[in-house]
Amino acid sequence: MSRLFETRPGDDGLPGPERRLAVLALILGTLMAVVDTTMINLALPSIARDLEVSAARAVWVSNLYQIVCAAFLLVFASFSEMISRRRLYVAGLALFVVASLGAALARSLELLLVFRALQGLGAAATLSIGPSLYRSIFPTRLLGSALGLSALIVAGGYASGPALGGLVLSVANWPWLFALHIPLGLCSLWLAWRALPREPGRRGGFDGRGALGSVIMLGSFFLALDALGHNAPAWQWLGWLAVSLTTGYLFLRRQRRASHPLLPPRLFQEPRFSLAVSASGLAFVGQGLAFVALTFLYQQEMGFTPLETAWLFTPWPLAIMLVGPFAGRLADKVNPSILASTGLLLLLAGLASLALLKSDASVVDSLWRTALCGMGFGLFQPPNNREMMTSAPRELSTAASGVLSTTRTVGQSLGVALVGAFLAANAPVQATLWIGCVACILALAASLARMRLAGAAQASSRQTPSPPR
């Protein structure tokens, strides 16, 4: 860990001592946004009971946060170029903290949903530019290691969310889940204002029509996935999907003509970036699908309790936390596409072994298979993220960061929706895991296709000195 904060001659990024406070601000901000996603789910029955609403309406406390967050990722990534990433990150944190206080004090579902939407906006502001800030904070020679640390934080947040939520709910009521964000948020806010890199804003306009198109495109897409996953009538999810596709077509046309596009077409002219995005989205489809499918497999097919199911999941994020930093550090030295492809092979093997799991299998049989999936994903994600960020031109880092965050969210949500659709069609749970294997095979094909390009780029970067700060 100490090597992340060493300063060498010619390093770009911040000096070593300044990196510590800056990365701590990112860690706290990311943890709040990620933990909130999984922690609040445990409180939905309590919220429904206390606010005297149905469980179906209470689910929107979780859904609205995720939909708003996903819909605004690209918008905030572009907007940060106008006001600077530091200002946007601080504003996003401040909004998240204020909205958390409001959610803790809300005593009606309608008011709670308003503050959850504001929390989603704040989370989108911080998550959309997180990867690009890592690129500004750390020198290029340490970017893989830094993104490995980021993967560890995200995995740790997802893993600890249910446990933290259960612990709080065992001694207090659900508003305290939101109140927890306030001291952490204030600490992160102070660190971000003091330590994040200061940079001038970009002169020029903002693509307002493109931003509106992006929000409608992504928002309606996630509403379609939600309807599909909850077995809504076909006309409902098909209608939302039609809105998303139509708006998406108009959005892409707009991006070719806009002077400051949200999604610069030049970004996808680099094959390494496009292939890394494809691999990332497909891998997250596999992971998102598995997380939900295994819940049904463990409880309905194998007879485990919800608490036992939570423990059976832990090897997956724990393996990511152990392997991710190592994979990131190794990606700074060897061809990252080799590491990412190897990780996808392990993830594929893990998902296939879970699909073959018998209903009378032992706990140990389940644990090693989920651990194998986690090892594979941990070996894949940091090198692949490094490829995405380093293959994009530095002046397009914020756009690449927005694409990275959006791809992760879309892929994971699509996986969840596919499970719901398969279960609604009375398909066996194992069939959904085989769909996850297909997604991993496609991701592996994309990863292998850029192997030669990634190797050549890394060899070239070793011969070219880092630009001065």
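Scope of this entry: the structure provided in the associated data block. Owing to the predicted nature of the structure, the values given are computational and were not obtained by experimental measurement.

### Re the nonpolar core
Here comes step 1: One finds Tyr 89, Tyr 134, Ile 137, Phe 138, Leu 196, Leu 267 and Phe 273 to be the most contacted residues of the largest nonpolar core, which totals 64 residues.
Here comes step 2: In terms of residues, this core owes the most to one element, helix H7 (residues 109-137), which gives 10 residues.
Here comes step 3: With near-sequence residues (within four places) excluded, Ile 137 lies in contact with Gly 13, Leu 14, Arg 19, Ala 22, Leu 26, Leu 196 and Pro 197.
Here comes step 4: Counting residues in hydrophobic clusters, the runner-up holds 36 residues, among them Ala 290, Ala 355, Cys 373 and Phe 380.

### What about the packing of aromatic side chains?
Any pair of aromatic rings gets described here by the distance separating the centres and the angle formed by the planes.
Here comes step 1: Tallied over the entire structure, the rule returns 8 aromatic pairs.
Here comes step 2: Judged by centre distance (5.4 Å) and plane angle (75°), the ring pair of Phe 268 and Phe 273 falls under edge-to-face.
Here comes step 3: What makes Phe 273 buried here is its relative accessible area of 0%.
Here comes step 4: On the basis of an interplanar angle of 75° and a centroid distance of 5.0 Å, the ring pair of Phe 284 and Phe 377 is categorised as edge-to-face. Here Phe 284 is found in helix H13 (residues 271-301), whereas its partner Phe 377 is found in helix H17 (residues 363-391), with 93 residues between them in sequence.
Here comes step 5: The class of Phe 284 is buried, set by a relative accessible area of 4%.
Here comes step 6: Note on Phe 377: relative accessible area 1%, which makes it buried.

### Details of the pattern of salt bridges
Here comes step 1: Enumeration over the complete set of coordinates arrives at 4 salt bridges.
Here comes step 2: Ionic pairing is found between Arg 57 and Glu 110, a salt bridge with its closest N-O pair at 3.2 Å. Of this pair, Arg 57 sits in helix H3 (residues 55-58) while Glu 110 sits in helix H7, and the two are 53 residues apart along the sequence.
Here comes step 3: The class for Arg 57 is partly exposed, based on a relative accessible area of 41%.
Here comes step 4: Here Glu 110 falls in the partly exposed class, since its relative accessible area comes to 48%.
Here comes step 5: Of the charged contacts, one joins Glu 387 and Arg 272 as a salt bridge, the two residues approaching to 2.8 Å between their closest N and O atoms. Pair noted here: Glu 387 is in helix H17 and Arg 272 is in helix H13, with a separation of 115 residues, a long-range link.

### Topic: the environment of Leu 26
Here comes step 1: Considering the arrangement of structural elements, one finds Leu 26 in helix H1 (residues 16-39).
Here comes step 2: Each C-alpha atom, one on Leu 26 and one on Gly 130, is 7.0 Å from the other, the two residues being 104 residues apart in sequence.
Here comes step 3: Those residues in contact with Leu 26 that sit more than four places away from it in its chain are Tyr 89, Gly 130, Leu 133, Tyr 134, Ile 137 and Leu 196.

What counts and how
- Residues numbered from 1 in each chain as written.
- Predicted model: local features only at pLDDT ≥ 70, side-chain atom pairs only at ≥ 80, totals over all residues.
- Heavy atoms only, no water.
- Core = buried A, V, L, I, M, F, W, Y, C linked by side-chain atoms within 4.5 Å.
- Buried < 20%, exposed > 50% of the residue type's maximum accessible area, 1.4 Å probe, protein only.
- Helix = DSSP H or I, 4+ residues; strand = E, 2+ residues; numbered from the N terminus.
- Contact = heavy atoms within 4.5 Å.
- Phe/Tyr/Trp six-rings, centres within 6.5 Å; stacked < 30°, edge-to-face > 60°.
- Salt bridge = Lys/Arg side-chain N within 4 Å of Asp/Glu carboxyl O.

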